[in-house]
Amino acid sequence: MSLKSRFNYFDAFEKQVDLACQEAELLIEIIENFTTSDAVLPEITRAHAIEHAGDEVCHEVFEALAVDFITPIEREDVIAITQGLDDVVDYMESTIQRFYMYNVTSMHPRAVEFARLLLKSCQALKAAMCDFRDFKKSKKLSALLVSVSDVEEEADDLFFHVMRDLYLRSEESPADVFIWDKLFQRLENTADACEHVVDTMRMVMLKNA
């Protein structure tokens, strides 16, 4: 009788970050093609399908953790990376939902710039995650993690200037200011979530140095 194959946590991480890239691509598509909030409603179903696929990966990870005696990295780090990647997808899905929930009437001109940075961040995180399974031997992982942090700094700078501009633009109604304050905060949270995953990956490397 063959032994049951062990769950591969690194495969799961890579699936999650690939789903994050898909959600970021969808976010860009929605922003670029925005017409009305009602037109976003069908896209919410697509966004939720990606998020649901991510939830299924999370469940697989936690089910494996419940029975595995030995894991390739510490259990709390597995949990932190899994939940962090799930947060990345969740923030983008909730942003898409809020285009409809807040009845957005027009797309902010800098929203797509932020969304493209999120895709850039997710793609950089994907490159780093693909090398993470060899973190004990990798010569390039540190540089790949820095590339994610660099994008997060770009997002911080964009957020800083966008929020300042939002409150300076006299033509914006108070309702629009409120709505876009919330939306840009959520986009910023997505970039921060990518950075939090990187922080955990760095801790894993330090623990095993």
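What you are looking at is a predicted structure, and each value in this text was computed from that prediction instead of being measured.

### Things to note about the overall build of the chain
Item 1. The secondary structure content of the chain amounts to six helices and zero strands.
Item 2. Taking 17 Å as the expected radius of gyration for a compact globule of 209 residues, we find that the chain reaches 19 Å, a close match to that expectation.
Item 3. Buried positions account for 47% of the 209 residues belonging to the chain.
Item 4. For the chain, restricting intrachain contacts to residue pairs at least 6 apart in sequence, the fraction spanning at least 24 positions comes to 84%.
Item 5. A total accessible area of about 10,900 Å² is found for the chain, and carbon and sulfur atoms account for 54% of it.

### As for the packing of helix H5 (residues 141-168) against helix H6 (residues 174-207)
Item 1. With their axes 10 Å apart at the nearest point, H5 and H6 run at an angle of 160° to one another. As summarised for this structure, H5 and H6 are arranged roughly antiparallel, according to the angle between their axes. Helix-helix and strand crossings are classified by hand; for H5 and H6 the assignment is left-handed.
Item 2. Across the contact of H5 with H6, the residue classes break down as 18 nonpolar, three polar and seven charged.

### As for the environment of proline 72
Item 1. Take proline 72: it is sitting in the loop between helix H2 (37-67) and helix H3 (75-101).
Item 2. In this structure the C-alpha to C-alpha distance between proline 72 and phenylalanine 10, which are 62 residues apart in sequence, comes to 8.9 Å.
Item 3. Setting aside chain neighbours within four positions, we find proline 72 in contact with Tyr9 and Phe10.

### Considering the packing of helix H1 (residues 9-32) against H3
For any two helices packed against each other, one specifies the crossing angle of their axes together with the interaxial distance.
Item 1. Viewed as axis vectors pointing N to C, H1 and H3 meet at an angle of 15°, and their least axial separation amounts to 10 Å. Taken as axis vectors, H1 and H3 run roughly parallel relative to one another. Between H1 and H3 the crossing geometry is left-handed. Across the interface between the two elements, Tyr9, Phe13, Gln16, Val17, Leu19, Ala20, Glu23, Ala24, Leu26, Leu27, Ile30 and Ile31 from H1 touch Val78, Ile81, Thr82, Leu85, Asp86, Val88, Val89, Met92, Glu93, Thr95, Ile96 and Phe99 from H3.
Item 2. For the contact of H1 with H3, the residue count by class is 18 nonpolar, three polar and three charged.

### A short note on the confidence of the model for the chain
Item 1. Within the chain, residue pLDDT values average 94, and 98% of them lie at 70 or more.
Item 2. Put simply, H6 is where the chain has its lowest mean pLDDT, 95, and H1 is where it has its highest, 98.

Calculation rules
- Positions within a chain are numbered from 1, following the residues in the order the chain's sequence is written.
- Per-residue local features of the predicted model are confined to residues with pLDDT of at least 70, and side-chain atom pairs are confined, for both listing and counting, to 80 or more; whole-chain, interface and lining totals are unaffected and use all residues.
- Each side-chain value is worked out from all heavy atoms of the structure, with water and hydrogens disregarded.
- Comment: elements are numbered from the N terminus, with helices defined as DSSP H or I runs of at least four residues and strands as E runs of at least two.
- For a compact globule the rule gives 2.2 Å times the number of residues to the power 0.38, and the radius of gyration it is set against comes from C-alpha atoms.
- To sort residues, take the accessible area from a 1.4 Å probe on protein chains only and compare it with the maximum for the residue type: under 20% means buried, over 50% means exposed, and anything in between is partly exposed.
- Two residues form a contact once any of their heavy atoms are found within 4.5 Å.
- To measure how exposed things are, a 1.4 Å probe is used in the Shrake-Rupley method; for residues, cover is taken only from the protein chains shown.
- Note on method: axes are straight lines fitted to C-alpha atoms, helices fitted across the in-contact stretch only, with angles between N-to-C directions ranging 0 to 180 degrees.
- Oblique is the label for every angle not falling under 35 degrees (roughly parallel), over 145 degrees (roughly antiparallel), or within 65 to 115 degrees (roughly perpendicular).
- For any pair of crossing helices, the crossing counts as left-handed if the nearer helix is rotated counterclockwise from the farther one by less than a right angle, and right-handed if it is rotated clockwise.
- Side-chain classes are defined by residue name, with Ala, Val, Leu, Ile, Met, Phe, Trp, Tyr, Cys and Pro counting as nonpolar, Asp, Glu, Lys and Arg as charged, and the others, Gly among them, as polar.
- Known as pLDDT, the predictor's per-residue confidence is scaled from 0 to 100.

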